[in-house]
Amino acid sequence: MASEASQRPPGLSATVTQPRKIENRDHCNVCKDGGELICCDNCPRSFHIEKCLIRYCTKNKLPYEQPPESEDADWFCPKCKPVVDKRTKELAEKRNRAEAKEAATSERKRRLEDESLQRKLEFERRRDEKRHEKEREETEKQQARQEKLEELQRAREAKERRLKEERDERER
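Residues numbered from 1 in each chain as written. Predicted model: local features only at pLDDT ≥ 70, side-chain atom pairs only at ≥ 80, totals over all residues. Heavy atoms only, no water.

Q: What is the right way to read the overall build of the chain from this model?
A: The secondary structure content of the chain amounts to 3 helices and 2 strands. N-terminal to C-terminal, the α/β element order of the chain is α-β-β-α-α. Looking at the chain residue by residue over its 172 residues, the buried ones come to 17%. If you take every contact in the chain between residues at least 6 apart in sequence, the share linking residues at least 24 apart comes to 37%. (Helix = DSSP H or I, 4+ residues; strand = E, 2+ residues; numbered from the N terminus. Buried < 20%, exposed > 50% of the residue type's maximum accessible area, 1.4 Å probe, protein only. Contact = heavy atoms within 4.5 Å.)

Dropping the structure here:
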């Protein structure tokens, strides 16, 4: 029995009763004999790897691919392989579309956040400009009041001097 296991090609199950995704036939799909079979992970088909699988591929004009070396690797018979490849491709395309959509959504969100930030900065800039303008106007008003006060003060002082001069003249 040990020699049987050592002669078994890689990727083949010792028995057909291993837990699989699908329950495979316990006989070869081509010759209907049992023994060491490779089992499809997508359908119930099972084959003797050397003679029957190659004969099946040749008879049905299907491409023959060497089964994987690892027993844990998935293997799909020549009839299922195109279907599984198509399904895998469709899932990859769907995933790529979802990723592209997510990237577009993320880009749109980033762009909206940037625009919002720009609007906020523009608002703050205008607010600051208005505040500075009001401060400048207030400063100008204050300077004008100060100048007016100084002018009034000079006018009063001038009037007081004139009045004093007139009094002094009258007194003389």
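Here the narrative resumes.
Q: Honestly, a positive patch on the surface in this entry has me stumped. Any pointers?
A: A cluster of basic side chains, namely R25, K32, K51, R55 and K59, defines a positive patch on the protein surface. With respect to the helices, strands and loops of the structure, K51 is situated in the loop between β2 (46–47) and α2 (52–59). For K51, a relative accessible area of 55% corresponds to the exposed category. (Patch = residues over 30% accessible without salt bridge, like charges linked within 9 Å, V, L, I, M, F, W, Y side chains within 5 Å. Areas by Shrake-Rupley, 256 points an atom, 1.4 Å probe, with all protein chains shown as cover. Salt bridge = Lys/Arg side-chain N within 4 Å of Asp/Glu carboxyl O. Lys, Arg positive; Asp, Glu negative; His and termini not counted. Charge placed at Lys NZ, Arg CZ, Asp CG, Glu CD.)

Q: Explanation requested: the nonpolar core in the structure shown.
A: Within soluble globular proteins, side chains that are nonpolar tend to cluster in buried spots. Within the largest apolar cluster, 13 residues are counted, with the highest numbers of intra-cluster contacts made by C40, F47, L53, W75, C77 and C80. Elements supplying a minimum of two residues to this core: α2 and α3 (80–171). The dominant element in this core, judged by the number of residues it contributes, is α2, at 3 residues. When near neighbours in sequence (up to four residues on either side) are disregarded, W75 contacts I38, C39, C40, D41, F47, L53, E65, P67 and P68. (Core = buried A, V, L, I, M, F, W, Y, C linked by side-chain atoms within 4.5 Å.)

Q: Looking at this model, I keep getting lost on the pattern of salt bridges. Mind explaining?
A: Opposite charge on two side chains lets them pair, provided their charged atoms get close. A full pass over the atoms with the stated rule returns 12 salt bridges. Between E129 and R125 there is a salt bridge, and its shortest N-O distance comes to 2.3 Å. With a gap of 4 residues between them, E129 and R125 both fall in helix α3, about one helical turn apart. Taking the relative accessible area as the measure of exposure, E129 reaches 44% and is therefore partly exposed. Shared partners join several salt bridges into a network, and the residues in it are E122, R125, R126 and E129.

Q: Help me understand the environment of S70, please; the structure alone is not making it clear to me.
A: Note that S70 resides in the loop between α2 and α3. Separated by 3.1 Å, the side chain of S70 and the backbone nitrogen of D72 make a polar contact. (Polar contact = N/O pair within 3.5 Å; in protein donor to acceptor, adjacent residues only side chain to side chain.)

Q: Looking at this structure, I do not really get the side chain of D41. What am I missing?
A: Within the fold, D41 resides in the loop between β1 (38–39) and β2. Of the polar contacts made by the side chain of D41, one reaches the backbone nitrogen of W75; its length is 2.8 Å.

Q: Before we go on, may I ask you to explain a negative patch on the surface in this structure?
A: A grouping of E165, D168, E169 and E171 is seen on the molecular surface, where their side chains present a negatively charged patch. Of note, E171 is situated in helix α3. The class for E171 is exposed, based on a relative accessible area of 62%.

Q: Could you clarify how one ought to interpret unusual backbone geometry in this entry?
A: Excluding glycine, most residues fall at negative phi; most peptide bonds, likewise, are trans. With phi around 65 degrees, K32 is a residue other than glycine that occupies positive phi space. Within the element layout of this structure, K32 appears in the loop between α1 (2–7) and β1. Of the residues examined, K32 reaches a relative accessible area of 52% and is grouped as exposed. The phi torsion at K61 lies on the positive side, around 55 degrees, for a residue other than glycine. Structurally, K61 can be placed in the loop between α2 and α3.

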